[in-house]
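Observations on the three-dimensional arrangement
This is what each chain is made of:
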Amino acid sequence: DLTKRIHCILPAVFKKLLLISFDGFRWDYDRDIETPNLDKMARDGVKALYVTPPFLTITSPAHFSLLTGNYVENHGVIHNIWFNTTTQEKKQYHAAQFVDSYWDNGSLPIWITAQRQGLKTGSLHFPGTAATYKGETVNVRQVEPAIYNHGNETEWRLNIDKVIGEWFHQQDLDFVSLYFGEPDLVGHKFGPDSLELREMVQQVDRTVGYIRDKIHDHALTDRLNIIITADHGMAKILPDKQIQRIILSKIPGFSFKDIQFQLLDYGPGGMLLPKKGKLESVYQALKGGHPHLHVYKKEDVPARLHYSSHPRLLPIILMADPGYVISGFFPLQFNKGDHGFDNEAMDMKAFFRAVGPDFQKNLMVDPFDLVNVYPLMCHLLGIKPERNDGHLDKTKHMLVHNGNVLIGLATVIGLLALVFIVMVSYNKCKRSKA
Ligand SMILES: [Zn+2]
């Protein structure tokens, strides 16, 4: 309630915030490619060498970490695919966006927290937008249709016009999250070293210029902070002739007869639920089954990955080395690029840029974990964060006030108190004269 009142009196202290994600924008994509707008943004603001996404390094889990500040095992959106091991039902990325119970599972995304504290928020295409959390949704939202061209630059500009012109300018929203599905798709299809990828990086660069121009046109430059980042990077998949593929059905001693439910043929990760009494034999059969396949019992997944404690995780977790994907019965995946690998792999690191009135200028900062963006955003918006795995200490050095919005706040409150005292004494003075 106090925060509500503070926000009501003091729009000047807390700025608006735009969080943008370009899916799969690897940390080093601006190398050897002309990116004048990203370069200008780095001069005007902050650039991190890279950010480390949470594991599993795929879209929905990583974006929900960005929105909640929690590692994947702590927020429970463990995969892009929703599944039910009893009915064998699976829902792909888009359909899974609408399964409320999958998302509303203990961690509140920043929109809901901000709204509860008196702010107005919006979200366009950002993973998690379609779901309802404890009966609430993000105030203003747009969810893409099931079939959607994620790479259309004209459509990108219409979406930007809506977010800047309508949502921030006309409707006076305080926080908006905005998602672009590229350069992920081009990175998958053509590979991270392709000409097509380079062209898409230039499209992203033009878009960053367009966003900043729009913000300027609406006189929001001094009232709006922008954070641009991504959910993961992209690694080149090694061609068949160079490698021996990982195909589980070909591993001696392993049989799908022992498996009750599987999540396979989805990039470099996989999960298995063995039938009753078969856990040990399945584990022993797969372990050592391929030199580039890592097989873990759920509880033995390295702690640094934060991907072992959630009840939705299946008892056996498979991870391939960069360059490899995991197939079940036979190869079904023919991408030239993929992600979902160990977040220590440099190819999984994402980019991070920020600019605006609260950010320092021309500052290059050391790498940090993506979960730390959440406490930074809460701090910028002046809201109290939920419990989270991030630390403001890891990001606040990029701010002009070094995290001391409170000093500004104290000054303004002090001034208001002074005005109050002056008015009261003036009124008393008037009364005593009368
Ligand atoms: Zn992808």
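Please read these numbers as outputs of a predicted model, since none were measured by experiment.

Attention shifts here to the sheet that holds strand β18 (residues 352-355). Spatial strand order, β7-β6-β8-β1-β9-β18-β2-β19: 8 strands in an open sheet with mixed pairing. The outermost strands of the open sheet, each flanked by one partner alone, are β7 (140-142) and β19 (363-365). If you compare each strand with its neighbour and ignore which way they point, the axes differ by 10° on average.

Viewed as axis vectors pointing N to C, helix α2 (residues 36-44) and helix α10 (residues 195-217) meet at an angle of 50°, and their least axial separation amounts to 7 Å. With respect to α10, the element α2 is oriented oblique. Together, Pro36, Asn37, Leu38 and Met41 of α2 and Asp205, Arg206, Val208, Gly209 and Arg212 of α10 make up the contact between the two elements.

This part covers the domain arrangement of the protein chain. In terms of domains, the protein chain is made up of domain 1 (2-235 + 343-402) and domain 2 (240-334). For domain 1 versus domain 2, the distance between C-alpha centres works out to 31 Å. Contacts between the two partners involve 16 residues from domain 1, matched on the other side by 16 residues from domain 2. In terms of residue class, the side of domain 1 that touches domain 2 is built from 10 nonpolar, 4 polar and 2 charged.

What follows is about the sheet that holds strand β13 (residues 269-274). An order of β12-β13-β15-β14 is seen for the 4 strands of this open sheet, with the pairing classed as antiparallel. Because the sheet does not close on itself, it has two edges, and the strands there are β12 (259-266) and β14 (293-297). Averaged over neighbouring strand pairs, the angle between their axes works out to 15° when direction is ignored. Both β14 and strand β15 (residues 316-320) contribute to a ladder of 5 bridges, which runs antiparallel.

Turning next to α10. Between its terminal C-alpha atoms α10 stretches 33 Å, which fits the 33 Å expected from 23 residues at 1.5 Å a residue. If you check which residues of α10 are buried, you get Leu197, Met200, Val201, Val204, Asp205, Thr207, Val208, Ile211 and Ile215. Tucked into the core, α10 has its buried residues touching β1 (16-22), α2, α8 (153-170), α9 (184-190) and β9 (224-229). Phi turns positive one or two residues past the end of α10, at Ala219, with a value near 55°.

This paragraph deals with the packing of α8 against α10. Where α8 meets α10, the closest approach of the two axes is 10 Å, and the angle between their N-to-C directions is 25°. Viewed along their axes, α8 and α10 adopt a mutual orientation that is roughly parallel. Like other packed secondary-structure pairs, α8 and α10 cross with a definite hand, here right-handed. Where α8 abuts α10, its residues Glu153, Trp156, Arg157, Ile160, Asp161 and Ile164 lie against Gln203, Thr207, Tyr210, Ile211, Lys214 and Ile215. Of the residues in the contact of α8 with α10, the class split is 6 nonpolar, 2 polar and 4 charged.

In this section: unusual backbone geometry. In this structure, the amide linkage connecting Phe55 to the following residue, Leu56, adopts the cis form with an omega of 10°. Note that the residue after Glu182, namely Pro183, is joined by a cis bond; omega there is 10°. Considering the arrangement of structural elements, one finds Pro183 in the loop between β8 (175-180) and α9. Although it is not a glycine, His125 sits at a positive phi angle of roughly 65°. With respect to the helices and strands, the residue His125 is situated in the loop between β6 (121-124) and β7. One non-glycine residue, Asp172, lies in positive phi territory at about 60°. With respect to the element layout, Asp172 can be found in the loop between α8 and β8.

With 5 of 5 residues buried, β15 lies mostly within the body of the structure. Alternating positions in β15 separate into two faces, Ile316, Leu318 and Ala320 on one and Ile317 and Met319 on the other, with burial throughout. In this sheet, β15 lies alongside β13 in antiparallel orientation, the contact comprising 4 bridges. Directly across from Leu272, in β15, lies its bridge partner Ile316.

Calculation notes
Residues numbered from 1 in each chain as written. Predicted model: local features only at pLDDT ≥ 70, side-chain atom pairs only at ≥ 80, totals over all residues. Pairing = 2+ DSSP bridges. Helix = DSSP H or I, 4+ residues; strand = E, 2+ residues; numbered from the N terminus. Axes fitted to C-alpha atoms, helices over the stretch in contact; angles between N-to-C directions. Parallel < 35°, antiparallel > 145°, perpendicular 65-115°, else oblique. Contact = placed C-beta atoms within 7 Å. Domains from an automatic or database assignment. Nonpolar A, V, L, I, M, F, W, Y, C, P; charged D, E, K, R; others polar. Expected span 1.5 Å × (residues − 1). Buried ≥ 20, exposed ≤ 12 C-beta atoms within 10 Å, placed from the backbone. Left-handed = near helix turned anticlockwise from the far one by under 90°.

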